[in-house]
Amino acid sequence: MSNSQPLYQKSWVLFLGILLVAFNLRPSITAVGPLIPMIREDLGLSNGWAGFLTTFPLLTFATFSLFSAAIGKKLGNSLAILLALVLILAGTIIRVLGSAEILFLGTGLTGIGIVICNVLLIPLIKNRLPSKIGIVTASYTTGMTLFAAIASGISAPLAIDLGLGWRGSLLSWSVLLLLGIIVWIPQLKFQVAPGNRSEDEVKVNVWKTRLGWQVSLFMGVQSLLFFTLISWLPDMMIARGLSAVEAGLLVSLMQIIGLSGSFLAPIIAVKFKDQVGIVWVLGVMYLIGFSSLFLEVLWVNYIGLALVGISLGSSVSLAYTLIGLRTRNERTTAALSGMVQSTGYYLAAMGPLLFGVAFDIFHNWDFLIYLMLICSFLFIYFGSKSGRAVQM
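Residue numbers here run from 1 along each chain, matching the order of that chain's written sequence. The predicted nature of this model means local features are confined to residues of pLDDT at least 70 and side-chain atom pairs, given and counted, to a pLDDT of 80 or more, with totals for whole chains, interfaces and linings taken over all residues. The side-chain quantities take in all heavy atoms of the structure and omit both hydrogens and water.

Scanning the protein from terminus to terminus reveals 15 helices and zero strands. Considering only C-alpha atoms, the protein reaches an extent of 60 × 50 × 40 Å along its principal axes. Type-normalised accessible area, obtained with a 1.4 Å probe on protein chains alone, sets the label of each residue: buried when under 20%, exposed when over 50%, and partly exposed for intermediate values. Counting only residues that meet the buried cut, the protein has 54% of its 392 residues in that class. Whether two residues are in contact is decided by their heavy atoms, any of which lying within 4.5 Å being enough. Excluding contacts between residues fewer than 6 apart, the proportion of contacts in the protein whose partners are at least 24 apart in sequence is 84%. Here the Shrake-Rupley method, with its probe set to 1.4 Å, supplies the accessible areas, and only the displayed protein chains count as covering residues. Total accessible area computed for the protein in this model is approximately 16,600 Å², and 70% of it derives from carbon and sulfur atoms. One finds the centroid of the 23 positive side-chain charges in the protein at a distance of 17 Å from the centroid of its 14 negative side-chain charges. Per the convention used, a helix needs a DSSP run of H or I reaching at least four residues, while a strand needs a run of E reaching at least two, with both numbered from the N terminus. By the counting scheme adopted, Arg and Lys are positive, Glu and Asp are negative, and His together with the chain ends is not counted. Charge placement uses NZ in Lys and CZ in Arg. For Asp and Glu, CG and CD serve respectively.

This part takes up the environment of G309. In this structure, G309 sits in helix α13 (residues 298-325). Expressed as a C-alpha distance, the spacing of G309 and T343, which sit 34 residues apart in the sequence, is 23 Å. Those residues in contact with G309 that lie beyond four places of it in its chain are M254 and G258.

Looking now at the pattern of salt bridges. Side-chain pairs of opposite charge can arise whenever the charged atoms involved come near each other. The working definition used for a salt bridge is a side-chain nitrogen of Lys or Arg within 4 Å of a carboxyl oxygen of Asp or Glu. Considering all chains together, one arrives at one salt bridge under this definition. One salt bridge connects D42 with R167, and the closest N-O pair in it is separated by 3.1 Å. Taken as a pair, D42 in helix α3 (residues 36-43) and R167 in helix α8 (residues 165-171) lie far apart in primary sequence, 125 residues in all. Relative accessible area serves as the criterion here: at 44%, D42 is assigned to the partly exposed category.

Phi is mostly negative for residues that are not glycine, and the peptide bonds are mostly trans. Unusually for a residue other than glycine, H363 sits at a positive phi of about 50°. Mapping H363 onto the fold places it in the loop between α14 (330-362) and α15 (366-386).

Convention adopted: a line fitted to C-alpha atoms gives each axis, helices being fitted over their contacting stretch, and angles between N-to-C directions are expressed from 0 to 180 degrees. As a packed pair, α13 and α14 sit with axes 9 Å apart at the nearest point and diverge in direction by 150°. Here α13 is positioned roughly antiparallel relative to α14, judged by the angle of their axes. Note on packing geometry: the crossing formed by α13 with α14 is right-handed. Contacts between α13 and α14 involve Y320, I323 and G324 on the former and, on the latter, T333, L336, S337, V340, Q341 and Y345. Residue classes follow a fixed rule: Ala, Val, Leu, Ile, Met, Phe, Trp, Tyr, Cys and Pro count as nonpolar, while Asp, Glu, Lys and Arg count as charged, and any other residue, Gly among them, counts as polar. In terms of residue class, the contact of α13 with α14 is made up of five nonpolar, four polar and no charged. When describing relative orientation, an angle under 35 degrees is termed roughly parallel and one over 145 degrees roughly antiparallel, while 65 to 115 degrees is termed roughly perpendicular and anything else oblique. Each crossing gets its handedness from the near helix: less than a right angle anticlockwise from the far helix is left-handed, clockwise is right-handed.

Written as structure tokens, this is what we have:
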């Protein structure tokens, strides 16, 4: 590109902005888990309300995904993403200022900001970097996953070892948010006036299309797999003899292994006319990995969970990529992104609860494996439908 080109139009500036937005989309959620004992004791929360701190953002995501595309259409995607980052920052600050009610208010605000960014980044990438959907989506999802893991790992040391307490630990992420806001501001100069969008864009009601539901259920199944496994695998492995620390480390390593899949899946996916073959490879890895859990042999379980980790990382990146590949224009991409993420997060919120009820009734960990295997078959079915080379 010409050196005379304005800074905000340079691809690397946009790419850096997308990465910094991605870095800010998970820490405010994943940093909370290790701090829950401190938060519970300080604010006098019951176990139920403390646990709801991790479920509440998922419900917020699912609900406000429905409105995010409309917000992007009204304001323009670049401005909407900037305001969403400001909303995350406001929520991050507000939730550490006072009582339990303030904590939940701030958490809700961060959830709204996060889901607006989640939904609108995908059509923005399709519009601004159409020839680089694979590599940009790969970088975006990998960065999001990486900082989710980092936040989980350092939130407790920040609170305890550095003496920041749970409030200071959560507030420390405002520095990264401020950096993201500063780097994103130049994109406002590229803003397309909402009323000036191409009249050639055909308006599609994604909720009335079979393909829209197939992609949405594909996202939903993979989300249910991830959140149910993350919620209950540690308890299952503790029941098999691991300590709480070892079980937590196992889950963290499974996610870190999945980073390779997060990065590579979109890059590979865009090289093929359709993505059905990739879905089958990931689905078979799920089936082998989850089946290994029937054997109470730890080294076999570790190998199986490594396969599951790669598939989990690949699945979310592939789901985001399919949203862009299955749509013809930015407006339809934004609408499908909202539909897909709303469906996905509602199903994700249901998964841990449904298994918890089943375990209370049957007291058998095999039911977790059965649920994961059923979801793996559904993953292959809906993925095969979503992976076909068709668009709407």
